[in-house]
Amino acid sequence: MSQLLWGAPEWALPAIAIASLALLVLVWSYLRAGGSAGVRLTAATLKTLGIAALAICLAEPLVSGSRPRPGANLFVLLADNSQSLAIHDSRRRESRGEALKNRLTRQSAWRERIEQDFDVRRYAFDSRLRAMPDFDALDFTGDASTLAASLDNVARRFQGRPLAGVLLFTDGNATDIASLAEADLDWSSLPPIYPVAIGDEAPARDLAVGDIRVSQTNFEAAPVTVQAEIESAGYDGARLVAQLLDKSGKVLQEQPLEAAEDGVALSCRFQVQPERGGVHFYQVRVSAKSEVRQFDNPERSREATLANNSRFVVVDRGQGPYRVLYVAGRPNWEYKFLRRALEADREVELVALVRIANREPKFVFREKRDDGANPLFRGFDNVEAEEAEQYDQPVLLRLGTEDAAELRDGFPKAADQLFRYHAVVLDDVEAEYFSPDQMRLVQDFVRRRGGGLLMLGGQESFVKGEYDRTPLGELLPVYLERIPRSQFSEEFRLSLTREGWLSPWVRVRSNEQDERKRLAAMPPFQTVNAVRGIKPGASVLATVMSDQGEELPALVAQPFGAGRAAALTVGDLWRWGMRRRDDEESDLEKSWRQTIRWLVSDVPQRIEADATRRHDQPGAPVAIAVHVRDEEFKPLDNATATITVTQPDGEAVELTAAPSRREAGVYEASFVPRQTGSYRAAITVHDQDGSEVGRTETGWTAEPAAEEFRRLAANRTLLEELAEKTGGEVIALSDLERFVMDLPNRRIPITEPWIYPLWHQAWVFFFAAACLIGEWGLRRWKGLA
């Protein structure tokens, strides 16, 4: 800012005295003069101004200020080189990039002026920041707009140096931040930012797939739900169609939509059931119903761009087989229906351990052959007497085992034996069946291994099984103290609680009306294990109502450590399956499959992999982490993890993961995706002795163009916030000349003073002379002399 100074302040008082005396003489003379008052006042004013100008010159008035020292200050020109500047706004013949490039050429007057006062540095940014010798090299092909990262890079690059400001040319559509609240920037280190908004705020004609959410349930009819937001501009009221495609491009589902007004997002929902487990890739695509064929001929498209009309979706259904250990105290109908239900699920293997005879007290039979062996096993395989089942041992039947060694000694006694399963189902078996060590092992199976436990009702379950004050009783979600029963009911009707209605795996039908009809048609049950109450943190999903009006919990679940435990108190659920018609699907079998899927869905595997990528850093590598555990589910070190990444073009790249320095049993690798599409990573892990530990897979997608074109209208709001936070202002592209002319008057790090002597200017004397001559001429003209 300039200020007024006095070169000869000692002449101020003499000048005031002379001017005052002259003014008194002037007033006295005009009071005595004749003529009209207006003429006398005008003449007196002119003479007063002339005398005042001459009197002020005696004090030598000066105007002083500061200006940027030429070449001492830095100024950055930062241009957006991303693909979003290649689009054409509505009713404009040239693209945003072409308009920008025309203003950034060397022939521009504002460029010449700013380079006279500043040391100008030129940069461009898309997925990264880079120096530009000249802006003629801008091609607007970058697949990202790392606005926040580029500004932070500029601030760090010129830290401690006299940076006067940054002239930022962009449309404001950053891919590394959605708002400045997400930007991890040190605002105090940034110079004034002067954004130049490129593009119209009114959106061009375009359709885009926005956020996509994938939710997975154990509901058998549609275990995967894909929900996408559709954003439209310029299609108000038009008929649209959203499609779900598989990886090969085959259309799986379509959903008609009607476009809303600009800025109002639509929502579409697809439900799909993958044929197998593992990683699956889908694609959500949207277009006007009359323009579906534009994807085959993009040149004829009427939209601003087709790059944002589709997005890929990754669905990880987990990898089986999931192994479930079923333990029953006696042969019953529940196992029959459970086994039949799981035969239709290729991802679940049911292994059964069924006791067909209890152990008996050992005593000596009065017979000729007295070897102590159970006669039931005599005559089979010529078993020696000491190897045959004894009377004081239960007779167990193993079903569905992998080999002869599995469960040969009965229920597992060691962690490496039990932890190979994902869930345990206990049916009509008493607590005495297990040793104390086995009970604690089951508790560790749920708490530490993350497995699932389900206890079914029966004569030897819950309270009657005397599980109270045992490790298994602590694990269950219900209290097992004995309670007196004054009423005995013969029939119980099942119903769902609010939590049950909200849990997809508990329901069988896809809508509430059909589910209520199913519940009403269910047969009454006759066997229910009464419990004292529900533990804190447990959820009651279903209840039964007796014919006496007593309500009892039927299905209760709770998390326990890393796993989950559930109690199904109904002991004759098989009655539900007895009413099935031959030509109808069994609701009981479907319910069993959903329940077991829920029980094993979140159980950890020995090998697990995940791929993560920072969305605020486009172009950043994908971090692949492989978690490896031994048979007791402890971290496994000294293993070798090999990762084979299949790229969108089918080419495979092999990586070797390195052990993590932060966590035991974790092996890490990184991969930089260079292509647009889906990536699948197959992981194989070997132990230090060369034996294979296991295999798994993971996947991810890379769609930089979809993020770049997520919003087409210029984000002026973000640019205004950026300018306000840094002390700059938003500049119109047409106002660059005015801005550059005014730039020296702004806050500049290094300046030099300048002085402008007002008294030594010819126009000051011309003004004084003009006033005095004007007064003399007016007096002569009006005859006042």
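Above this text sits the structure in question.
Notes on the structure follow. (Residues numbered from 1 in each chain as written. Predicted model: local features only at pLDDT ≥ 70, side-chain atom pairs only at ≥ 80, totals over all residues. Heavy atoms only, no water.)

### Focus: the overall build of the protein
And step 1. The helix and strand tally for the protein stands at 17 helices and 33 strands.
And step 2. For the protein, the C-alpha radius of gyration of 43 Å lies well beyond 28 Å, the compact-globule estimate for 785 residues.
And step 3. Over its C-alpha atoms, taken along the principal directions, the protein stretches across nearly 165 × 60 × 60 Å.
And step 4. Of the contacts formed within the protein by residues at least 6 apart in sequence, a portion of 73% connects residues at least 24 apart.
And step 5. Surface exposure of the protein reaches about 39900 Å², of which carbon and sulfur atoms provide 49%.
And step 6. Of note, the protein has its 97 positive side-chain charges centred 5 Å away from the centre of its 116 negative side-chain charges. (Helix = DSSP H or I, 4+ residues; strand = E, 2+ residues; numbered from the N terminus. Rg over C-alpha atoms; globule rule 2.2 N^0.38 Å. Contact = heavy atoms within 4.5 Å. Areas by Shrake-Rupley, 256 points an atom, 1.4 Å probe, with all protein chains shown as cover. Lys, Arg positive; Asp, Glu negative; His and termini not counted. Charge placed at Lys NZ, Arg CZ, Asp CG, Glu CD.)

### Description of the environment of Q417
And step 1. Relative to the helices and strands, Q417 is located in helix α7 (residues 415-418).
And step 2. As for Q417 and V570, which are separated by 153 residues in sequence, their C-alpha atoms are 30 Å apart.
And step 3. Side-chain polar atoms of Q417 contact the backbone nitrogen of K413, separated by 3.1 Å. (Polar contact = N/O pair within 3.5 Å; in protein donor to acceptor, adjacent residues only side chain to side chain.)

### Here's the deal with the pairing of strand β11 (residues 251-258)
And step 1. Two elements, strand β10 (residues 239-246) and β11, share seven bridges in a ladder whose sense is antiparallel. Bridge assignment links L245 to a residue of β11, and that residue is V251.
And step 2. Connecting β10 to the antiparallel partner β11 that follows it, the hairpin turn spans four residues, and G249 within it adopts a positive phi of roughly 95°. (Pairing = 2+ DSSP bridges.)

### Description of helix α6 (residues 333-342)
And step 1. Taken together, the buried positions of α6 are occupied by E334, Y335, F337, L338, A341 and L342.
And step 2. Taken together, the buried residues of α6 touch β15 (322-328), β16 (348-357), β17 (395-399), β18 (423-427), α12 (574-577) and α13 (587-600).
And step 3. Of the residues flanking the start of α6, the one acting as N-cap is N332, its side-chain oxygen 3.2 Å from the backbone nitrogen of E334. (Buried < 20%, exposed > 50% of the residue type's maximum accessible area, 1.4 Å probe, protein only.)

### Observations regarding a nonpolar patch on the surface
And step 1. A grouping of L49, Y756, W763 and F767 is seen on the molecular surface, where their side chains present a nonpolar patch of about 410 Å² in accessible area.
And step 2. Among the structural elements, L49 can be located in helix α2 (residues 37-57). (Patch = residues over 30% accessible without salt bridge, like charges linked within 9 Å, V, L, I, M, F, W, Y side chains within 5 Å. Salt bridge = Lys/Arg side-chain N within 4 Å of Asp/Glu carboxyl O.)

### Here's the deal with the sheet that holds strand β6 (residues 163-170)
And step 1. Reading across the sheet, the five strands line up as β5-β4-β3-β6-β7 and stay open at both edges, with mixed pairing between neighbours. The open sheet has two edge strands, β5 (129-131) and β7 (193-197), and neither has a second partner. Ignoring strand direction, the axes of neighbouring strands in this sheet form an average angle of 25°.
And step 2. Two elements, strand β3 (residues 74-80) and β6, share six bridges in a ladder whose sense is parallel. Residue pairing for β6: L74 is matched across the bridge by L163.
And step 3. On top of the sheet, helix α5 (residues 147-157) reaches β3, β4 (119-125), β5, β6 and β7; it is set at about 50° to β5, its chief contact.
And step 4. On the sheet, helix α15 (residues 716-726) packs against β6 and β7 and is oriented at approximately 165° with respect to β7. (Axes fitted to C-alpha atoms, helices over the stretch in contact; angles between N-to-C directions.)

### Some points on helix α17 (residues 762-782)
And step 1. For α17, built from 21 residues, the straight-helix expectation of 30 Å at 1.5 Å per residue is met to within 8% by its first-to-last C-alpha distance of 30 Å.
And step 2. Listing the buried residues of α17 in full gives V764, A768, C771, E775, L778 and R779. All buried residues of α17 project into a common sector of 100° when viewed along the axis, lining one side. Seen from the buried face of α17, the exposed residues on the opposite side, beyond 90 degrees, are W763, F766, I773, R780 and W781.
And step 3. Buried-residue contacts for α17 involve α1 (12-32) and α2.
And step 4. In the stretch just after α17, G783 is the one whose phi turns positive, near 70°. (Expected span 1.5 Å × (residues − 1). Arc of directions from axis to C-beta.)

### Considering the state of the cysteines
And step 1. Scanning the entire structure with this criterion turns up zero disulfides.
And step 2. For the unlinked cysteine C771, the closest cysteine sulfur is that of C57, found at 12 Å. (Disulfide = S-S within 2.5 Å.)

### Considering unusual backbone geometry
The bulk of non-glycine residues show a negative phi, and the bulk of peptide bonds are trans.
And step 1. Non-glycine residue E60 carries a positive phi angle of around 50°.
And step 2. In this fold, E60 is placed in the loop between α2 and β2 (61-68).

### Some thoughts on the side chain of T470
And step 1. Here T470 is to be found in the loop between β19 (452-456) and α9 (471-475).
And step 2. Engagement of the side chain of T470 in a polar contact is seen with the backbone oxygen of Y467, the distance being 2.5 Å.

### So, the packing of aromatic side chains
And step 1. Under the criterion given, the structure shown has 15 aromatic pairs.
And step 2. The interplanar angle of 55° and the centroid separation of 4.9 Å between the aromatic rings of Y194 and F739 together place this pair among those described as tilted. With a gap of 545 residues between them, Y194 in strand β7 and F739 in helix α16 (residues 736-742) connect regions that are remote in the sequence.
And step 3. Taking relative accessible area as the criterion, Y194 reaches 3% and is therefore assigned buried.
And step 4. Ring centres 6.1 Å apart and planes at 45° place the aromatic pair F419 and F445 in the tilted group. Of this pair, F419 sits in the loop between α7 and β18 while F445 sits in helix α8 (residues 436-447), placing them 26 residues apart in sequence. The residues F419 and F445 share a single accessibility class, namely buried.
And step 5. Three or more aromatic residues joined by ring pairs make a cluster, and in this case those are F75, F118, Y194 and F739.
And step 6. Positioned over the ring face of F295 is R285, at 4.4 Å from the centre of the ring.
And step 7. Cation over ring: K336 sits above F337, and NZ or CZ is 5.7 Å from the ring centre. (Phe/Tyr/Trp six-rings, centres within 6.5 Å; stacked < 30°, edge-to-face > 60°. Lys NZ or Arg CZ within 6 Å of the ring centre and 35° of its normal.)

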